[in-house]
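Understanding the architecture of this molecule
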Amino acid sequence: MENTKDLTEHSSRSERKRRDSFGMFDGYDSCSEDTSSSSSSEESEEEVAPLPSNLPIIKNNGQVYTYPDGKSGMATCEMCGMVGVRDAFYSKTKRFCSVSCSRSYSSNSKKASILARLQVTGKPPTKKAKVLQKQPLVAKLAAYAQYQATLQNQAKTKSAVSMEGFSWGNYINSNSFIAAPVTCFKHAPMGTCWGDISENVRVEVPNTDCSLPTKVFWIAGIVKLAGYNALLRYEGFENDSGLDFWCNICGSDIHPVGWCAASGKPLVPPRTIQHKYTNWKAFLVKRLTGAKTLPPDFSQKVSESMQYPFKPCMRVEVVDKRHLCRTRVAVVESVIGGRLRLVYEESEDRTDDFWCHMHSPLIHHIGWSRSIGHRFKRSDITKKQDGHFDTPPHLFAKVKEVDQSGEWFKEGMKLEAIDPLNLSTICVATIRKVLADGFLMIGIDGSEAADGSDWFCYHATSPSIFPVGFCEINMIELTPPRGYTKLPFKWFDYLRETGSIAAPVKLFNKDVPNHGFRVGMKLEAVDLMEPRLICVATVTRIIHRLLRIHFDGWEEEYDQWVDCESPDLYPVGWCQLTGYQLQPPASQSSRESQSGSSKQKKKAKSQQYKGHKKMTTLQLKEELMDGEDYNFLQGASDQESNGSANFYIKQEP
């Protein structure tokens, strides 16, 4: 595949040559001598911390030798790796066990094997490649590793440290959940270039089952994917899941196979299985031939996909959260993972803010409101502050061009729309004003302010508006106008009673992309009633391109209808990748104990929105003028889809 390296190309090389191509840390089997270097063996030995006494020294054949008295009475042959009594060794320096080893070492010093880089091109090692000594360094490291392992095991038996905080890995494993794949989120990092990263892909990762004084790596395979997170298992563990671990596949410590050899990093088997095989290189050759790994430029792609064009001090027009019928000027305060913290320009203490994604349909370039005829609150600030500058128009999300010259939406037409003040409901609505470039001002029937201060703006192609009958055919509860008594609600009767007409079905966006979401999938989602929060969430319903998002641990009344291409949905692991704070699920015990917590605040806010529907026009206007915060739907994506479906019933005559 395009985005993975096929290691099959190496199968044509000789077995001996391939055995030196994995960048393994020497000492677990013999190195071949079919390559040469001018570097000396002495130059390759890394500095190692002093070894404690009575440590076992591991030889290639698996036999174990120990220091008998804790003193330097033993020595290791630098040629064959034999461990024995120091006084019995040959030469003054006691470096070799025999005359033959001394002579062999001298003649082969310039032919010591170099571990070649593992890469498809098969390039030979560079001149900077290190020549690894046969045994002494490895013997010391192995002994030191066993010593450290013993100390760690003793410490673990004394006290078990419990991990605090939410863990996606534990949450998914304990409940057998499935996460939405990264490819479902085109706006997220790697969303469009994830490729075929899947189970069984091999990577090089830090070896945490090894307590050497230096950082070492080993190869692991993906057992399960959950968004950006992968459950990994070290090579050699077969069906043993005892040391499986979760990590973010886009993290800085995850590399394609071959990275260690190319970077001069050691590959060391986990200590739990280090005696399982005598020839680890041969084992890796067998396991990795024909396997897939990450693309060589994977980390570069991750870095590039996390570069965002919006910068602090940029000025934008954004919806006024206190008067959703108009926009205001705001300044980008910070950018996290493409999400913008916007501070309204008139906020003196810079606390009057609004969170949204840079691709949100709620933000626009300076001058947008005037160009389409949208209401706009003029700033009391007569000139831009020093350092602030207008955001270039091309950085904003583009909406699909529409032709308003023919049959088009008209004022007074009826439709169904997601209520931006209560995102769990789809309501009976009316087009109140037709703006330029396909934008519409819409009001919820039965709860509108006389001056239109609670109208909201959707584009004609927005997936948050629907033709009459959409809820009925898709078995969604439609919220009737406040005070309407003829229940159950029937559109035909309502249109006749109000003397209204339904907006033509053909004017609505009927494109349904192949989004890839399935019911039950886990993800991270913005709470659009409190858009600074991103929570653990689940897809509970799918109606074509419309998703019902449930926030884990909360009641269904807090669910939200969101478009499948909403920039407010993210893969599992997005918060960890970007450094954004994730809100964990609310357990029943925690909900019951949170008497003064955000739970009650959230419920109070929800009740406020519900109470909003019962207010008189005067009360609503006074409430808005008092500056009560309202947050609006941000989940409508107007991007063109790659599929289509006619999913609306015909209008009744």
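Residues numbered from 1 in each chain as written. Predicted model: local features only at pLDDT ≥ 70, side-chain atom pairs only at ≥ 80, totals over all residues. Heavy atoms only, no water.

Per an unreviewed UniProt entry, the protein is named MBT domain-containing protein 1 isoform X2, and its organism is Balaenoptera musculus. According to its UniProt record, the protein has this under Subcellular location (unreviewed entry): "Nucleus". (UniProt positions renumbered as here; feature names shortened; annotations may be inferred.)

A few words now on the nonpolar core. Core analysis: the largest hydrophobic core is formed by 128 residues, its most contacted members being Phe-310 and Ile-549. Apart from residues lying up to four places away in sequence, Phe-310 is in contact with Val-316, Val-332, Val-335, Leu-340, Met-358, Ile-363, Thr-391, Leu-395 and Phe-396. In this structure, Cys-325, Trp-368, Ile-372 and Met-441 belong to the second largest nonpolar core, which totals six residues. (Core = buried A, V, L, I, M, F, W, Y, C linked by side-chain atoms within 4.5 Å. Buried < 20%, exposed > 50% of the residue type's maximum accessible area, 1.4 Å probe, protein only. Contact = heavy atoms within 4.5 Å.)

Within the secondary structure, Lys-377 is located in the loop between β18 (375-376) and β19 (389-390). C-alpha separation for the pair Lys-377 and Glu-317, spaced 60 residues apart in sequence, amounts to 9.9 Å. Within the structure, the side chain of Lys-377 is placed 3.5 Å from the side chain of Glu-346, a separation counted as a polar contact. (Helix = DSSP H or I, 4+ residues; strand = E, 2+ residues; numbered from the N terminus. Polar contact = N/O pair within 3.5 Å; in protein donor to acceptor, adjacent residues only side chain to side chain.)

What follows is about the environment of Phe-298. On the secondary structure map, Phe-298 appears in helix α8 (residues 298-305). Of the residues examined, Phe-298 reaches a relative accessible area of 4% and is grouped as buried. Here the alpha-carbon distance between Phe-298 and Met-190, two residues 108 residues apart in the chain, equals 9.4 Å. Those residues in contact with Phe-298 that lie beyond four places of it in its chain are Met-190, Trp-194, Ile-197, Ile-249 and Cys-250.

Glancing now at the pattern of salt bridges. Following the criterion strictly, the structure yields 29 salt bridges and no others. Close ionic contact of Arg-202 with Glu-235 constitutes a salt bridge, the shortest N to O distance being 2.3 Å. In this pair, Arg-202 is assigned in strand β7 (residues 202-206) and Glu-235 in the loop between β9 (229-234) and β10 (245-248), connecting sequence segments 33 residues apart. When sorted by exposure, Arg-202 lands in the same class as Glu-235, which is buried. For the salt bridge of Arg-545 with Glu-565, the shortest nitrogen-to-oxygen distance reads 3.2 Å. (Salt bridge = Lys/Arg side-chain N within 4 Å of Asp/Glu carboxyl O.)

Here we take up helix α5 (residues 168-175). Taken as a whole, α5 has its buried residues at Trp-168, Gly-169, Tyr-171 and Ile-172. The arc enclosing the buried residues of α5, seen along the axis, measures out at 165°, which places them on a common side. Ser-176 occupies a position one or two residues after α5 and carries a positive phi of about 55°. (Arc of directions from axis to C-beta.)

Across the protein, the average pLDDT comes to 76, with 66% of residues at or above 70. In this model, residues 7-72 is a region of pLDDT below 50 whose contacts with residues beyond four sequence positions or in other chains number 179 contacts. Residue range residues 109-145 is modelled with pLDDT below 50. Its contacts to residues more than four positions away, or to other chains, number 113 contacts. (pLDDT = per-residue confidence, 0-100.)

This next bit is on the pairing of strand β16 (residues 353-357). Among the five residues in β16, five count as buried, and that is most of the element. A two-sided burial pattern is seen for β16, the buried positions comprising Asp-353, Trp-355 and His-357 on one face and Phe-354 and Cys-356 on the other.

What follows deals with the side chain of Asn-207. Counting through the fold element by element, Asn-207 comes out in the loop between β7 and β8 (217-226). Take Asn-207: its relative accessible area is 5%, and that puts it in the buried class. Of the polar contacts made by the side chain of Asn-207, one reaches the backbone oxygen of Val-268; its length is 2.7 Å. Excluding residues that lie within four positions of it along the chain, Asn-207 makes contacts with Val-216, Phe-217, Trp-218, Tyr-234, Val-268, Pro-269 and Pro-270.

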